[in-house]
Amino acid sequence: MAEVATDQLQVWVDQDLCTGDGLCVQYAPEVFEFDVDGLAYVKGTDGELRMTPGDRVDVPAHLRLEVIDSAKECPGECIHVVRDDGVEIAGPDAD
Ligand code: SF4
């Protein structure tokens with residue numbers, strides 16, 4: 001049976017490049033949050049920050065635009081929004 005593609009998006013942040021300006025936290029506080037180090041991390045629906053580099057969380061459907069805009073405008077170019085086939089649709093590695 002053919003694999004059914006979904007349009008679920010995931011997002012991760014490269015903290016090595018984060019400037020800590022907080023744009024993403026303003027846009028989508030349900031998804032991005034500062035830790036005590038002043039850098040932005042993604043947050044799961046469980047409210048826990050994902051501290052392992054490269055860890056991804058699902059983008060809630062109602063926040064897709066906010067998360068995509070965050071990636072496009074992130075001054076550190078360090079927010080990666082990825083489709084479930086692995087293609088980055090917003091962020092520094094997007095076409
Ligand atoms: S917008 Fe980018 S650089 Fe700014 S806090 Fe968020 S991840 Fe860091």
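Presented here is an overview of the structure given in this document. The residue count restarts for each chain, going from 1 along the sequence in the order it is written. Only residues with pLDDT of at least 70 are given local features in this predicted model, and only at 80 or more are side-chain atom pairs given and counted; all residues enter the totals for whole chains, interfaces and linings. As a convention, hydrogens and water are excluded, and side-chain values are obtained from all of the structure's heavy atoms.

## Observations regarding helix α2 (residues 64–73)
Part 1 of the reasoning: To sort residues, take the accessible area from a 1.4 Å probe on protein chains only and compare it with the maximum for the residue type: under 20% means buried, over 50% means exposed, and anything in between is partly exposed. Counting from the N terminus, the helices are the DSSP runs of H or I reaching at least four residues and the strands are the DSSP runs of E reaching at least two. Of the positions making up α2, those classed as buried are V67, I68, S70 and A71. Down the axis of α2, the buried side of the element spans an arc of 155°, and every buried residue falls inside it. Set apart from the buried face of α2 by more than 90 degrees, the exposed residues are L65 and K72.
Part 2 of the reasoning: Tucked inside the fold, the buried residues of α2 contact β1 (9–13), α1 (23–27), β2 (32–34), β5 (79–83) and β6 (88–90). Of all possible arcs, the one meant is that of the directions from the helix axis to the C-beta atoms. Only heavy atoms enter the contact rule, under which two residues are in contact if any of them lie within 4.5 Å.

## Quick notes on the environment of G76
Part 1 of the reasoning: Summarising the element assignment, G76 is placed in the loop between α2 and β5.
Part 2 of the reasoning: A residue is classified by how much of its surface remains accessible, and G76, at 12% relative accessible area, is buried.
Part 3 of the reasoning: Each C-alpha atom of the pair G76 and Q15 lies 9.1 Å from the other, and the pair is 61 residues apart in sequence.
Part 4 of the reasoning: Every residue in contact with G76, bar those within four places of it in the chain, is listed here: L17 and T19.

## Digging into empty space enclosed by the protein
Part 1 of the reasoning: A pocket here means an open set of points on a 1 Å grid, computed over the protein atoms alone, that has protein on both sides within 12 Å along at least five of seven lines. A cavity is instead a set of points where a 1.4 Å probe fits but cannot get out; residues with an atom within 4 Å of a point line either one. Grid points are joined across faces, edges and corners, and a volume is the space filled by probe spheres set on the points. Per the counting criterion, the structure on display carries two cavities of 30 Å³ or more.
Part 2 of the reasoning: By volume, the largest cavity amounts to about 90 Å³.
Part 3 of the reasoning: Lining the largest cavity are 16 residues, with C18, D21, C24, A40 and C74 sitting closest to its centre.
Part 4 of the reasoning: Its residues assigned to classes, the lining of the largest cavity shows ten nonpolar, five polar and one charged.
Part 5 of the reasoning: In this structure, the second largest cavity spans a volume of roughly 30 Å³. Only Asp, Glu, Lys and Arg are considered charged, only Ala, Val, Leu, Ile, Met, Phe, Trp, Tyr, Cys and Pro nonpolar, and every remaining residue, Gly among them, polar.

## A short note on the site of the ligand
Part 1 of the reasoning: Residues are counted as near a molecule or strand when any one of their heavy atoms sits within 4 Å of it. The environment of the ligand is made up of 14 residues, and the closest members are C18, T19, D21, C24 and C74.
Part 2 of the reasoning: Assignment of a molecule to a cavity or pocket requires that more than half of its atoms lie within 2 Å of the corresponding grid points. Here the ligand is seated within the largest cavity.
Part 3 of the reasoning: Looking at side-chain class alone, the shell around the ligand contains nine nonpolar, four polar and one charged residues.

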